[in-house]
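Understanding the architecture of this molecule
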Amino acid sequence: MHLPTLQQDLEARFSEISSERTENQHIFALEHGLAIDMSALANSLSKQLAYGMTNQASWLAWVVFATEVGYDYAGAEYWQTFNERLPAWRAVDTNKSRSRIRMWFRRFASTYNGVRPSGTWAEQFRIIAWPITHAILPKDLQYQFARSIHHNRYQIAADSDPLVVGRLIHHRTPHPSSRFREFCEQEEMVGRIALALLGAGTEDPPLSPEATRRIVGDLEMTQEAREWLQEARSDIRWIHGAKRQRFSGRSPQDRARTVAQPQLNLRPTLLLSRKSDAWHVGIQVPSFAPLAAGSPEVARHLQKTKVRIEGGSGQWHPAQILNTPSKPHGLQRWPGDGMVLRFKDALPIFDQLVRLEATLGKGPLWVCRIGTDGLAREVRSHHVRPGQKYIVMARTGHVFRPHPALRPADLRCDGLTGIQLSLPPHVSEDLRHALKTLGLSFASTVRIWPAGLPAVSWDCEGRSEWLTTDTPCFGIDVDHDVAAVDVALDGIPPLRISRTGVQGPSWVQLPPLPPGEHRLVVEVKDGAGQAGLLGASRGEVILEVRNPVSLDETVQRRGGLIVVATPIDATLESLERDELQLEVYGPAGREAQLFLEIEGCDSDPRPFDRTVVPATLTHLWRRLPTEIQENLGGSNACRLVIRAEEIGTFTLSLERASRPVRWTLRQSRQTTTIRLVDEAAVGAHALCQMAPLDQPCAAQALDYDDCVDGIDVPAPGALFIVAGRDRLDAVIVSQPGQGTMRDFAELALAPRLNGFASSAERLRDDVALLGLWSRARVVGPLGAARKGKVVRAMRDALVRFVCGPAWMDAERRIGDPPWNDDAIATLGDAITNRREWMNFPAQLRVSHREVLDMLPAQVVSWLLGITTRYRLCTDHLLVERMLRYLTDPDSFIASSRDVAVDIQSLVAHGELARSVRYLQKLLEGKSWDWN
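Presented here is an overview of the structure given in this document.

Scoring rules and cut-offs
Residues numbered from 1 in each chain as written. Predicted model: local features only at pLDDT ≥ 70, side-chain atom pairs only at ≥ 80, totals over all residues. Heavy atoms only, no water. 1 Å grid on protein atoms, 1.4 Å probe; cavity = no way out; pocket = protein on both sides within 12 Å on 5 of 7 lines; lining within 4 Å. Points joined across faces, edges and corners; volume = space filled by probe spheres on them. Helix = DSSP H or I, 4+ residues; strand = E, 2+ residues; numbered from the N terminus. Nonpolar A, V, L, I, M, F, W, Y, C, P; charged D, E, K, R; others polar. Salt bridge = Lys/Arg side-chain N within 4 Å of Asp/Glu carboxyl O. Buried < 20%, exposed > 50% of the residue type's maximum accessible area, 1.4 Å probe, protein only. Pairing = 2+ DSSP bridges. Patch = residues over 30% accessible without salt bridge, like charges linked within 9 Å, V, L, I, M, F, W, Y side chains within 5 Å. Areas by Shrake-Rupley, 256 points an atom, 1.4 Å probe, with all protein chains shown as cover. Lys, Arg positive; Asp, Glu negative; His and termini not counted. Charge placed at Lys NZ, Arg CZ, Asp CG, Glu CD. Polar contact = N/O pair within 3.5 Å; in protein donor to acceptor, adjacent residues only side chain to side chain. Contact = heavy atoms within 4.5 Å.

Let's shift gears to empty space enclosed by the protein. Applying the stated criterion across every chain yields a total of two cavities of 30 Å³ or more. In this structure, the largest cavity spans a volume of roughly 80 Å³. Of all the elements in the fold, those that place two or more residues in the lining of the largest cavity are α6 (120-124), α7 (129-134) and α11 (178-183). By residue number, the principal contributor to the lining of the largest cavity is α11, which donates three residues. Of the residues belonging to the lining of the largest cavity, the class tally is six nonpolar, three polar and two charged. Every residue along the wall of the second largest cavity is listed here: Gly 828, Asp 829, Thr 832, Trp 837, Met 838 and Pro 841.

Here we come to the pattern of salt bridges. The tally for this structure, following the rule as stated, stands at 36 salt bridges. The salt bridge partner of Glu 591 is Arg 610, with a shortest N-O separation of 3.7 Å. Taken together, the residues Glu 591 in strand β26 (residues 591-598) and Arg 610 in strand β27 (residues 609-612) connect sequence positions 19 residues apart. The exposure class of Glu 591 is partly exposed, given its relative accessible area of 37%. Taking the relative accessible area as the measure of exposure, Arg 610 reaches 47% and is therefore partly exposed. Of the charged contacts, one joins Arg 643 and Glu 597 as a salt bridge, the two residues approaching to 3.5 Å between their closest N and O atoms. Linking Arg 643 in strand β29 (residues 637-643) with Glu 597 in strand β26, this pair joins segments that are 46 residues apart in sequence. A single network of salt bridges, built from pairs that share partners, joins Arg 308, Glu 310, Asp 337 and Arg 342.

Along strand β21 (residues 506-509), the buried face is formed by Ser 506 and Val 508; none of Trp 507 and Gln 509, which line the opposite face, is buried. By the bridge criterion, four bridges tie strand β18 (residues 473-478) to β21 in an arrangement that is antiparallel. Paired with Gly 475 across the two strands is Trp 507, which belongs to β21.

This next bit is on the sheet that holds strand β6 (residues 341-343). Read across the sheet, three strands follow the order β4-β3-β6 without closing on themselves; strand pairing throughout is antiparallel. In this open sheet, the two edge strands, each paired with only one partner strand, are β4 (317-318) and β6. Two strands pair when backbone bridges link them, and strand β3 (residues 306-309) and β4 are joined in this way by two bridges, in the antiparallel orientation. Residue Val 307 lies in a different strand from β4, and its bridge partner there is His 317.

It is worth spelling out a negative patch on the surface at this point. Taken together, the side chains of Asp 703, Asp 705, Asp 706 and Asp 709 define an acidic patch exposed on the protein surface. Its place among the elements puts Asp 705 in helix α24 (residues 704-709). The class for Asp 705 is partly exposed, based on a relative accessible area of 48%.

Take the side chain of Thr 359 next. Here Thr 359 lies in the loop between α18 (348-357) and β7 (366-370). On the accessibility criterion, Thr 359 (14% relative accessible area) is buried. A polar atom in the side chain of Thr 359 sits 3.1 Å from the backbone nitrogen of Gly 361. In contact with Thr 359, not counting residues within four places along its chain, are Arg 267, Pro 268, Asp 337, Gly 338, Met 339 and Val 354.

In structure tokens, the structure reads:
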């Protein structure tokens, strides 16, 4: 290939496209539209590199080559693929050479009005962001992009503005990967790509026809993506045609009067679940995506700020979680003002809307009907029906009048009291009076129910859910003779239906409605056309209308499977650190299977666990077979899947956080090679270290260039760390020795800690080292077990420092859990030999279950009460520090002003240290989250 000729052809091509585009329509390098033989281009560039450097005379050829590599990018290593396509590049692969490629992309942007990378990902990956952005839609994102277009096809049909479409895809893609979220931050560019793939007919095509055909062709290589794209195109054409037919010949004024205007629904809904004999209170927060899609200011605000559930765990989460479909969140405390959403940053207009709309209200009562699945869902109208059961709640201090139909309900939510109401099929006048006194009323004599095509959901209390493609039909009946009923939708002038001589129900069918909350009001009219008594002669139905979703999500919603993942923004690291918890709800008694699909693993996933709904699943990492744990260590993503037969399937995508500086591994039967990938150009500023598994405190410095080239991992393996410019990655690689039977001794790895936790002065560094070992991912045979040994040895050393060696010997004698009563009593005897405290361990054994559901701060107050009673300790701060140190050393370090002084005070109170450790043993498995 003759590079000067190619350079001229590219200059002519990009100049032509640039002259046809407006100033706001930027050019992508992938739009070159030339039939370039990439192998021939690589050979020509290799000959150029034989002279030792790239030649700026053919700079556009380098831009196109780098873009083509970016088009095949799969989220792993860009420069490794670059080297494979162009082996001669290895000789000049330095940060200086990579920066020269970026310089030419910047020249392209200036010369031809080319696109410039933006967003979080572009800031982290400052060099490779250019070729990958100019690749328009890299192959690793095409599947998600097609799925998102299909998911949002009804909203896309309503607007052809690239910015609006891009914002929709950005904020309303279900379960996006982190890289897809970062890609979608370039909203206008994303919208242009989507409209081009959908074949949107505009005067100014978003992309060149050649680039569009190429991407569509690659998308359609996957059957599912091809079907998504085809269905999206078909539905959008149908919607556009239906709109033209519906409004044909009508004036704009007539259109406005006949179109229902939906309301925005941000109000959380109460959802109660029963565990044993107690009711746990939760809320479901509606998606904020419709609000974000209609307001760029709100969309940016939700991207940047954080939110927490008031009365929940108290943790701050990225506010972007509100753009996903609603998931239940538990409440431990009732928010006094009814506000359950607290945002860290202020946006006055948005905050005012949240105060007005996103609230549980001021009460004084909240009513929930108990369904057949065991969950109690809120009834906002406070209407109750014979033969049903309800939970009626009020703030603490409210007094419910006694009645045989009422009995106390145990609510596990501070600030609430409640009763359970069981109504018989026939309600007596006495009970009617009691309900009226309570503030409840029977459903009106006007009965309204969905008819014909079933609603997505119907709570039998006046709330229904529909799709924008549905034509909702309702039956209306009145239990006495009336002249007519008026039916009004969202304030539109009512339709009057005559009831003269009608004995059965009347029927009304609505047209397809836009997304949002709609209100259908039915009012009874007497012979004179006047309304009857208020309440008894009026009924209403709320219609929650949304766009259709995928088949899997429809099955899940109709089947009743609800899964809550904690933390909400879980990552693959959350699973590896055993922080991930799942709460599974649905029809009781159904079996659910758990699968883990690992990216890059070809084997068919098999269930690694089973459970019966409802269930709370903790310690998921420990449930995984060792083989799966080790495979995860070398992967960047996985999908956790819960399948519960016909009631639905839940999928949780887990990804590693984007790391421009990271370790990668290449394994063979004999060796494992670890390589450093530096896409942030940290270079000489990178600190690279290795700590062997058998000497985890003995860090060894590694040469940066050697790490980039690749290092063979020595047996038995090591922790590898790279840090620099606020970047950090840590991985534990297990490398068992090869050869003789003597190598089986390596299975019993005994890490030598070399003075770990031997003095108060070095404790801060030791806790930081423990954190690195605890959070590092694991790769290789026996890796999970070996990491566990190192971490356990370090934690035991921290315990020994304050509790003493005799206590550790006592722990060693009782072994691992589960323990019998005798073993637990024996360990308690090792706390102290002072006679006045001899009953203290027994007191902890008897009452420790009281704190199972308490927050750590609540446990401190509870424990202080016991230690004060036995005159063991009366210092609240000392008890808190001891509990922090033993349950979460990082929290202890973060809360301490002088670590050395504080640790010495803990060492001086050995009996308290052993007591707190004993309580920790009794509460084995309890989560200690001090945040």
